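Here are the chains, one letter per residue:
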Amino acid sequence: MFDAKKYKLLSNVNSPEDLKKIHLKELPAFAEELRCFIIESASKNPGHFGASLGVVELTVALHYAYSTPEDKIVWDVGHQAYGHKIITGRRDVFHTNRSYKGISGFPNINESPHDSFGVGHSSTSIYAALGMAVAAKLRGINHQTVAVIGDGALTGGMAFEGLNNVAATNSNVLIILNDNKIAIDESTGALKEYLTDIATSKTYNRVKDDVWNFLGRINRLGANVQGFTQKIDNAIKSIIMRNSNLFESLNIRYFGPVDGHDVVLLSKLLKDIKDIPGPKLLHVITKKGKGFKEAEQNQTKWHAAPGKFDIATGKLLETTKDENKPQKYQDIFGDAIVELAKKNPKIVAITPAMLSGS
Ligand SMILES: Cc1ncc(C[n+]2csc(CCOP(=O)(O)OP(=O)(O)O)c2C)c(N)n1
């Protein structure tokens with residue numbers, strides 16, 4: 001059960017409106033409580049783990065800057081939405097996560113108006129967000145739409161279709177690329193290298209920092225900056241990045257990369273970006289499993305908590321150790337296919353970019 005004394009800030013937050021009452025300065029402390037609560041809950045009721053820990057700050061910043069359910073946040077994959085669930089009124093039932101008659105481990109439109117899309121893996125968020133943005137426009141409603149997609153899910157075909165059409169329809173969609181450099185197993189394919197390149201490009205980052213510092217200064221002067229910042233930002237970016245940035249080339253304005261664990265920075269940024277019309281992408285760098293040593297060090301194993309565990313040591317509790325459980329179908333299948341493939345070189349196994357999860 002929820003211990004209000006232990007979670008001083010979290011105990012006052014039953015909705016995104018409550019979160020907005022917290023002072024910007026206190027957001028890091030709030031994020032830390034949220035992280036501890038997710039860890040404590042998973043230690044008793046294991047479920048997905050690393051992905052939600054990695055987006056704690058992003059989740060807090062999103063709900064600080066946007067107002068669901070009017071604004072729409074679409075989580076791709078959905079296994080990273082625990083923080084979202086806790087902030088949007090499900091804190092006290094979170095201990096029932098993924099259990100019979102309990103709450104779903106994924107966003108579920110029947111469970112909460114804050115869950116804008118029924119999700120379950122993967123690569124659908126950009127398209128879903130686009131649909132919501134177009135529908136809002138047709139109905140004359142002025143709400144914001146955000147798709148949060150991981151670097152793994154971004155490699156899916158439908159995500160590429162979504163990018164293609166978001167750009168072509170000039171919709172008011174913000175795509176947040178949650179780049180933690182891993183899917184469930186190592187990310188595969190060319191996009192991984194590409195994202196590393198933009199995240200580490202010295203020229204790009206120096207210019208970006210200069211532009212942002214400059215814009216920050218103007219903001220602090222209190223000028224009516226929106227149109228102005230846009231003009232400068234546009235001009236500089238179009239010179240430097242149009243031909244070197246995949247997203248910019250598709251007519252999606254690219255912001256970042258930024259530290260996805262700086263909740264204050266993210267909150268300010270999202271508030272600024274919110275008012276810029278058209279398709280945009282914010283590239284945030286996060287660490288899967290953030291804040292729990294075992295999950296940071298062994299990201300595949302702790303993608304989902306492998307059993308009940310001791311929070312202090314990270315050790316699995318005896319009763320839930322793997323050897324006490326029946327073997328999983330996927331393991332039996334995997335062993336069998338390897339055994340057969342050793343004898344027959346014509347056998348090829350195809351996995352959805354997640355060998356261990358298949
Ligand atoms: C169409 C499709 N392709 C692949 C998968 C397998 N799959 C499930 S989640 C996932 C990606 C998870 O990585 P990411 O989006 O980076 O999220 P993270 O867990 O790192 O937060 C993949 C490839 C799937 N479920 N559906």
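Above this text sits the structure in question.
Residues numbered from 1 in each chain as written. Predicted model: local features only at pLDDT ≥ 70, side-chain atom pairs only at ≥ 80, totals over all residues. Heavy atoms only, no water.

**Structural notes on the site of the ligand**
Stage number 1. Around the ligand lies a shell of 17 residues, among which His 79, Gly 152, Ala 153, Ile 182 and Lys 288 are the nearest.
Stage number 2. Contacts to the ligand include His 79, whose side-chain N or O atom sits 2.7 Å from an oxygen atom.
Stage number 3. Note that an oxygen atom of the ligand is positioned 2.8 Å from one of the side-chain N or O atoms of Asn 180.
Stage number 4. Burial of the ligand by the protein chains amounts to 82% of its free accessible area of 590 Å².
Stage number 5. Its residues placed into classes, the shell around the ligand shows 8 nonpolar, 7 polar and 2 charged. (Near = heavy atom within 4 Å. Polar contact = N/O pair within 3.5 Å; in protein donor to acceptor, adjacent residues only side chain to side chain. Areas by Shrake-Rupley, 256 points an atom, 1.4 Å probe, with all protein chains shown as cover. Nonpolar A, V, L, I, M, F, W, Y, C, P; charged D, E, K, R; others polar.)

**Side note on the layout of surface pockets**
Stage number 1. Of the pockets and cavities examined, the largest pocket occupies roughly 1,100 Å³.
Stage number 2. Taken together, the residues of the lining of the largest pocket break down into 14 nonpolar, 13 polar and 7 charged.
Stage number 3. Counting the residues that make up the lining of the largest pocket, at least three belong to each of domain 1 (10–297) and domain 2 (326–358). (1 Å grid on protein atoms, 1.4 Å probe; cavity = no way out; pocket = protein on both sides within 12 Å on 5 of 7 lines; lining within 4 Å. Points joined across faces, edges and corners; volume = space filled by probe spheres on them. Domains from an automatic or database assignment.)

**As for the packing of helix H4 (residues 56–65) against helix H12 (residues 263–274)**
Stage number 1. Where H4 contacts H12, the axes come no closer than 8 Å and their chain directions differ by 40°. Relative to H12, H4 is oriented oblique. Considering how the two elements wind past one another, H4 and H12 form a crossing that is right-handed. Contact residues: H4 offers Glu 57, Leu 58, Val 60, Ala 61, Leu 62, Tyr 64 and Ala 65, while H12 offers Val 263, Leu 266, Ser 267, Leu 270, Lys 271 and Lys 274. (Axes fitted to C-alpha atoms, helices over the stretch in contact; angles between N-to-C directions. Helix = DSSP H or I, 4+ residues; strand = E, 2+ residues; numbered from the N terminus. Parallel < 35°, antiparallel > 145°, perpendicular 65-115°, else oblique. Left-handed = near helix turned anticlockwise from the far one by under 90°. Contact = heavy atoms within 4.5 Å.)

**Details of the pattern of salt bridges**
Stage number 1. Taken as a whole and judged by the stated rule, the model has 12 salt bridges.
Stage number 2. The salt bridge partner of Glu 111 is Arg 90, with a shortest N-O separation of 2.7 Å. With Glu 111 in the loop between helix H5 (82–90) and helix H6 (125–138) and Arg 90 in helix H5, the pair connects residues that are 21 residues apart, well separated along the chain.
Stage number 3. Salt bridges sharing common partners tie together Lys 85, Arg 90, Glu 111 and Asp 115. (Salt bridge = Lys/Arg side-chain N within 4 Å of Asp/Glu carboxyl O.)

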